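# Inside the fold
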Protein chains: 4
Amino acid sequence: MAELQGFMYPRTPTGAAGILPGPPWHYSGEMLTIEFRTDPANVAELLPEPLQLAETDPGAVALIWADWQSCSDSFEELLDPARAQYKEVFLVVRCQYQDKTYSRAAYIWVDKDFAMARGVVQGYPKKLSEIWMTRAVSFGKAGPRLEPGGRFGATVSTWGRRIADAVFTITGTAETPGFVNAHPMLHSRQMPAIEMDGRDSLDELVTMRGFDVELGPVYAGDAELEIHDNPTEELDRLKPFEIIGGYYRQVGNSMAGGTTVWAAGNPMAK
Amino acid sequence: MAELQGFMYPRTPTGAAGILPGPPWHYSGEMLTIEFRTDPANVAELLPEPLQLAETDPGAVALIWADWQSCSDSFEELLDPARAQYKEVFLVVRCQYQDKTYSRAAYIWVDKDFAMARGVVQGYPKKLSEIWMTRAVSFGKAGPRLEPGGRFGATVSTWGRRIADAVFTITGTAETPGFVNAHPMLHSRQMPAIEMDGRDSLDELVTMRGFDVELGPVYAGDAELEIHDNPTEELDRLKPFEIIGGYYRQVGNSMAGGTTVWAAGNPMAK
Amino acid sequence: MAELQGFMYPRTPTGAAGILPGPPWHYSGEMLTIEFRTDPANVAELLPEPLQLAETDPGAVALIWADWQSCSDSFEELLDPARAQYKEVFLVVRCQYQDKTYSRAAYIWVDKDFAMARGVVQGYPKKLSEIWMTRAVSFGKAGPRLEPGGRFGATVSTWGRRIADAVFTITGTAETPGFVNAHPMLHSRQMPAIEMDGRDSLDELVTMRGFDVELGPVYAGDAELEIHDNPTEELDRLKPFEIIGGYYRQVGNSMAGGTTVWAAGNPMAK
Amino acid sequence: MAELQGFMYPRTPTGAAGILPGPPWHYSGEMLTIEFRTDPANVAELLPEPLQLAETDPGAVALIWADWQSCSDSFEELLDPARAQYKEVFLVVRCQYQDKTYSRAAYIWVDKDFAMARGVVQGYPKKLSEIWMTRAVSFGKAGPRLEPGGRFGATVSTWGRRIADAVFTITGTAETPGFVNAHPMLHSRQMPAIEMDGRDSLDELVTMRGFDVELGPVYAGDAELEIHDNPTEELDRLKPFEIIGGYYRQVGNSMAGGTTVWAAGNPMAK
């Protein structure tokens, strides 16, 4: 009957009601990265076959807070900012696949539905959460300056329970915001068959990378990170043995299509 | 490396962090159904090929509010009710597929992430929303009784804009809560390929039906429904020509696996 | 210039924009009461002079969850239920004042602004919170029945941190839902002078009691209560030594004016 | 019995649980001011006796969006930013009182409870709301730059209904962000007597002004403003006849005690 419009769901007569506008997507925001070492065995247990633990520094991971504006190529979301602003926290591990090193978001939380839906497409396993991150300011006493001594707090909670709290204090600048989140992303996209018999209708490994990247200076410093026991999360299996460092950076980039690295056939195809 | 646990995403060492517990899922709640007729052409434009408009009363649709508790077979969510309670609004149309009549949720909104994720599995195109529905009470003046004269309000909003408001007044009882939502559900499950080139990695038609159904009496009555113009929704293409009726019922049921009615192969399989 | 309308603020041309409609207010809802004993010294420290600790069982307190609908005499809020439904948790202590025993809400949390504003008028020191409480159901598996074995969970959180969790299991019925919340309320209403020099422009003790009370049966049972350490709350100073009991009841009542028991003059009057 | 601690309510053993830390309060944020002219009669109807309409340009008002961080002198809220960040929208009118011109927030909405409570102290008639305002960015495409052509959106909603939407486009700079919000604030602080018989226990006019003000450059430009009909608000009585201008500025300041300009005695004093 109808020629339905829209990138994701619902596909509709005009496309206006879709949960997520089509790509490309543009992002501007602030990222606060806390790199730390935990038990490599607890990183390994996050990697499905055939992914392998990174060969160097295999217990190094990163918990990253981000405060974003994002929009489609229409840019209209920026003028209705409820649809552009969201906050995000993600736990990045590294892995090896076919002799290449990838970054991988093992856990990720956001606070808007369009961001959740974009995660489903990109293979980010996004859940909803309450996320807060101090903003740098240029005037007045109620915020840090982007200079040594500037202090930031960052928190994430689900179901009214804190998952993690961090404090970051700028001590200087750095060349890069760490090394854990520095590789192309390798994500799983899986969908249980509606029969719910253990089979997946969709089972893929995908990779993607941003473009049109614009980067601010990297502010580096000291970080404290507390990961709380939480019955509906498993981040507490990754408690920090040792903080590697903290990094704050303003960034801009764009994302569009990625690459299917591997895909199974749909066993339900008929 | 690891044997990951969990029905949906993220698949994790213990499964505790998954966005959605595995099936079966149990539901108890109240449903308020407003059936109305709109232009059949505006129902037809919601149906992707090869779905066809229902042969009888093709302009009849239903907007349904529901106030749910749901849980897994562990029942633990009921003791942490943030994870059990959610509200839902959905627009149901009927369609024909291979000579059979199905109900289909063309639009649906919920207010929790686990319900959104369950929608992705079941093919319900769920977005987040603010949803409110009057509750019946047995004591005091601040609520309707389940008897003639009892009045209920129901609203749904996204991004701080109302989508629809309804008022329902009980006049008596009925055998059934209407006919639009009386068929097995036929839903699309689609996922754009990560290449974002117009292909879908997943493209299926699925059907499912509840079991262990327990039903309260159907309260029937008069309904008013206002669907507001809204730039991020398309429900306003379905403004009511004529109200068929309103129905309120307390229900319980369970859901588990359904049936893949049709599935394309994954064009990205390699 | 203008004759402004409205009970509380803002007072406006028509009164429609007031945060709180004028009295009377009608309430219907469910109350879950957990009575327990804690150190009487930690009750005493909650009572400003000249209030005295209750003479009998001075360490007995109650933490009460309530799931409300409320409305004004226009009843219009019930048809726009975002403005009628709210959830509440409060810690009730008893005190003596001029040889009379009163109940007093030392801490209270709600999840809507109109309820917060009503608290300011009534002397309930309401803060915003996330509150959840299992609902009894009549059909299906996703909720307790109002009969022995029915189990309810109840939680309250602020700033993404749990304050308290409770589980209640019905074992039978009782005559009354405990004794702690059985007296007229005695609350303080205080407002710092805008000079913020330690003086209060308003300083009163007020009492009030509901009317048109309609009560359902009292379901009594076993209760578990965990009060969590929380840096922005002091409920953790009242950890339970001993659970007295749990009680669930559906109630309805109305509230209007109370009585000023004592009031200081406004020292800023000029 | 006890010496209770805390500036506002609840007053408690340690003061940690108070809804609002004591003054001074420090603020850093961004303000977007839309100045416009409406019917002076509709400004006059907002002014209680004995306030008078401003003599010059009496129909000029301002609708102001602000995205704040605020904290107490402990600065601890900045490291738990859920307790520091909030957004605000307020409608400012001017008035004359005893031959002096004041600014006055006739309507104001915020999105956190501590900000609501601070409004009660300062005489700002704050209600809760959903508020969004585009943020300027320095990198990437998903946000305006602070330069000509930079476009900002701003919205405010209550109960899932939009109250107002604005779009602001920078065209250049200006000396000041308009003239409506340029005077000391004159606010009413009123509290109905618990008898709810029409008397107020507290009735004051108060004034206050910030200090330690740090100001960024004023970006001026074109503004569009749409005020929507809304059954629970009266801002729609102030629809714009003519836009005066739009202004964006980053600001910092601090607030502490103000001055009681006039106060009635408490008629309930006993």
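Cut-offs and rules
- Residue numbering note: each chain is counted from 1, following its sequence as written.
- Here every chain gets a letter starting at A, and every ligand a number starting at 1, in the order they are written.
- Selection of residues for local features in this predicted model requires a pLDDT of at least 70, selection of side-chain atom pairs for listing and counting requires 80 or more, and totals for whole chains, interfaces and linings are taken over all residues.
- Excluding hydrogens and water, the side-chain figures rest on all heavy atoms present in the structure.
- Segments assigned H or I by DSSP are reported as helices when at least four residues long, segments assigned E as strands when at least two residues long, and all are numbered from the N terminus.
- Classification of residues uses two cut-offs on accessible area relative to the type maximum, computed with a 1.4 Å probe and protein chains only: under 20% is buried, over 50% is exposed, and between them is partly exposed.
- By definition, residues are in contact when any of their heavy atoms lie within 4.5 Å.
- Two residue types count as positive, namely Lys and Arg, and two as negative, namely Asp and Glu; His and chain ends fall outside the count.
- All charge positions are set by atom: Lys at NZ, Arg at CZ, Asp at CG, Glu at CD.
- Here the copies were fitted onto each other by least squares, based on C-alpha atoms from residues at pLDDT of at least 70 in both.
- Here, a strand pair is defined by DSSP locating no fewer than two bridges between the strands.
- Using a 1.4 Å probe, buried area is obtained as the accessible area two parts lose upon being combined, added over both of them.
- A carboxyl oxygen of Asp or Glu within 4 Å of a side-chain nitrogen of Lys or Arg is what we treat as a salt bridge.
- Residues were grouped as follows: Ala, Val, Leu, Ile, Met, Phe, Trp, Tyr, Cys and Pro as nonpolar; Asp, Glu, Lys and Arg as charged; and all remaining residues, including Gly, as polar.
- Two N or O atoms form a polar contact when they lie within 3.5 Å of each other; inside protein one atom must be a possible hydrogen donor and the other a possible acceptor, and for residues adjacent in sequence the pair counts only when both atoms belong to side chains.
- Stacked, edge-to-face and tilted are the three classes for Phe, Tyr and Trp ring pairs, Trp counted by its six-membered ring, which pair at centre distances within 6.5 Å; planes under 30 degrees apart are stacked, over 60 edge-to-face, the rest tilted.
- Charges are assigned to positions over rings by a cutoff of 6 Å between ring centre and Lys NZ or Arg CZ, combined with an angular limit of 35 degrees from the ring normal.
- A score from 0 to 100, pLDDT tells how confident the predictor is in each residue.

Scanning chain A from N- to C-terminus turns up two helices and 15 strands. Reported as C-alpha extents along the three principal axes, the dimensions of chain A are approximately 60 × 45 × 35 Å. Counting only residues that meet the buried cut, chain A has 64% of its 270 residues in that class. Expressed as a percentage of contacts within chain A between residues at least 6 apart in sequence, the contacts between residues at least 24 apart total 68%. Taken together, the 24 basic and 36 acidic charged side chains of chain A have centroids lying 3 Å from each other.

Turning chain D through 180 degrees and shifting it by 0.0 Å along the axis lays it on chain B, with an RMSD of 0.0 Å. These values place the two chain copies in the arrangement generated by a two-fold rotation axis. Counting the interface residues of chain D, we find that 100% of their copies in chain B are interface residues as well, pointing to one common contact surface.

Residue and element names in this part refer to chain D. A large share of strand β1 (residues 25-37) lies buried, amounting to 12 of its 13 residues. When β1 meets strand β3 (residues 60-72), the two strands line up antiparallel, connected through 13 bridges. Paired with methionine 31 across the strands is alanine 66, a residue of β3.

On to the interface of chain A and chain B, then. In this assembly, 78 residues from chain A lie in contact with 79 residues from chain B. Summed over both partners, the interface of chain A with chain B comes to about 6,600 Å²; 63% of that surface belongs to carbon and sulfur atoms. Across the chain A-chain B interface, the total number found is four salt bridges. The shortest N-O distance in the salt bridge between B:Arg161 and A:Asp80 comes to 3.2 Å. Elements represented by at least two residues in the side of chain A that touches chain B include exactly β2 (52-53), β5 (100-110), α2 (113-122), β6 (126-128), β10 (185-192), β11 (200-208) and β15 (259-263) of chain A. Its residues placed into classes, the side of chain A that touches chain B shows 44 nonpolar, 16 polar and 18 charged.

Turning to the environment of B:Phe152, a few remarks are in order. On the secondary structure map, B:Phe152 appears in strand β8 (residues 151-158). Of the residues examined, B:Phe152 reaches a relative accessible area of 0% and is grouped as buried. A C-alpha to C-alpha distance of 5.1 Å links B:Phe152 and B:Thr134, two positions 18 residues apart in sequence. For B:Phe152, the contacting residues outside a window of four places in its chain are B:Thr134, B:Arg135, B:Ala136, B:Pro144, B:Leu146, B:Ala166, B:Val167, B:Phe168, B:Ile170, B:Tyr248 and C:Leu79.

Here the focus is the pattern of salt bridges. Residues and elements named next belong to chain A. This structure, assessed with the given rule, holds 80 salt bridges over all chains. Ionic pairing is found between glutamate 242 and arginine 37, a salt bridge with its closest N-O pair at 3.1 Å. Here arginine 37 lies in strand β1 (residues 25-37) and glutamate 242 lies in strand β14 (residues 242-255), a separation of 205 residues in the sequence. The class of glutamate 242 is partly exposed, set by a relative accessible area of 41%. Here arginine 37 falls in the partly exposed class, since its relative accessible area comes to 25%.

Interface size is commonly expressed as the accessible area that is lost once the parts come together. Taken residue by residue, the interface counts six residues in chain D and six residues in chain B. Between chain D and chain B lies a buried interface of about 540 Å² when both sides are counted; carbon and sulfur atoms form 28% of it. Summed over the three residues of chain D that lose the most area to chain B, namely D:Gly160, D:Arg161 and D:Arg162, the buried surface amounts to 71% of that side. On inspection of chain D and its partner chain B, the count reaches zero salt bridges. Summed over the shared surface of chain D and chain B, the number is six residue pairs in polar contact (both at pLDDT 80 or more).

This brings us to helix α2 (residues 113-122) of chain C. Residues and elements named next belong to chain C. Of all 10 residues in α2, 10 are buried; the element is thus mostly enclosed. Within the sequence span of α2, burial applies to Asp113, Phe114, Ala115, Met116, Ala117, Arg118, Gly119, Val120, Val121 and Gln122. The first or second residue beyond α2 is glycine 123, which carries a positive phi of 85 degrees.

On inspection of all chains with the given rule, the structure shows 32 aromatic pairs over all chains. For the pair D:Tyr219 and D:Tyr248, a centre-to-centre distance of 6.4 Å together with 55 degrees between the ring planes defines the contact as tilted. Of the two residues, D:Tyr219 is situated in strand β13 (residues 218-227) and D:Tyr248 in strand β14 (residues 242-255); the sequence distance between them amounts to 29 residues. On the basis of relative accessible area, D:Tyr219 is assigned to the buried category, the value being 16%. Classification of D:Tyr248 as buried rests on a relative accessible area of 1%. Joined through ring pairs, the aromatic side chains of A:Phe152, A:Phe168, A:Tyr219 and A:Tyr248 make up one cluster. The ring centre of A:Trp132 lies 4.5 Å from the NZ or CZ of A:Lys87, which sits over that ring. One Lys or Arg, B:Lys126, reaches over the ring of B:Tyr124 and ends 5.5 Å from the middle of that ring.

On to the environment of D:Pro144, then. Following the sequence through the fold, D:Pro144 ends up in the loop between β7 (130-133) and β8 (151-158). Those residues in contact with D:Pro144, other than ones at most four positions away along the chain, are A:Gln69, D:Thr134, D:Arg135, D:Ala136, D:Val137, D:Gly150, D:Arg151 and D:Phe152.

Now for unusual backbone geometry. The step from C:Pro23 to C:Pro24 runs through a cis peptide bond, and the omega angle for that step is 0 degrees. Along the polypeptide, C:Pro24 turns up in the segment before β1 (25-37). Cis geometry marks the peptide bond from D:Glu49 to D:Pro50; its omega dihedral reads 0 degrees. On the secondary structure map, D:Pro50 appears in the loop between α1 (40-44) and β2 (52-53). Even without a glycine there, the phi angle at B:Phe75 is positive, about 60 degrees. Checked against the element boundaries, B:Phe75 lands in the loop between β3 (60-72) and β4 (85-97). Positive phi, close to 50 degrees, is recorded for D:Asp212, a residue that is not glycine. If you trace the backbone, D:Asp212 turns up in strand β12 (residues 211-215).

Another aspect to go through is the confidence of the model for chain A. Confidence along chain A averages 97 in pLDDT terms, with 100% of residues attaining 70 or more. Among the scores for the predicted complex, ipTM is 0.96 and pTM is 0.98.

So, on to the side chain of C:Ser201. Positionally, C:Ser201 belongs in strand β11 (residues 200-208). Side-chain polar atoms of C:Ser201 contact the side chain of D:Glu204, separated by 2.7 Å. Setting aside its immediate chain neighbours within four residues, C:Ser201 contacts C:Met191, C:Pro192, C:Ala193, C:Asn266, C:Pro267, C:Met268, D:Arg189, D:Leu202 and D:Glu204.

Moving on to the environment of D:Glu224. All names here are of chain D. Relative to the assigned elements, glutamate 224 resides in strand β13. Here glutamate 224 falls in the partly exposed class, since its relative accessible area comes to 48%. With 125 residues separating them in the primary sequence, glutamate 224 and aspartate 99 have C-alpha atoms 34 Å apart. Setting aside its immediate chain neighbours within four residues, glutamate 224 contacts Arg151, Asp165, Ala166 and Val167.

Residue and element names in this part refer to chain A. When you tally the buried positions in β10, you get seven out of eight residues, the bulk of the element. Pairing between β10 and β11: eight bridges, direction antiparallel. Across the sheet, residue leucine 186 finds its bridge partner in β11, namely threonine 207.

Now for the side chain of C:Glu35. Residue and element names in this part refer to chain C. Here glutamate 35 lies in strand β1. There is no salt bridge for the buried glutamate 35, and the closest opposite charge comes from arginine 37, which lies 7.1 Å off by N-O distance. Among the polar contacts made by the side chain of glutamate 35, one reaches the main-chain amide nitrogen of phenylalanine 179 at a distance of 2.8 Å. Ignoring sequence-local partners within four residues, the contact set of glutamate 35 consists of Val61, Ala62, Pro177, Gly178, Phe179, Val180, Asn181, Ile243, Ile244, Gly245 and Tyr247.

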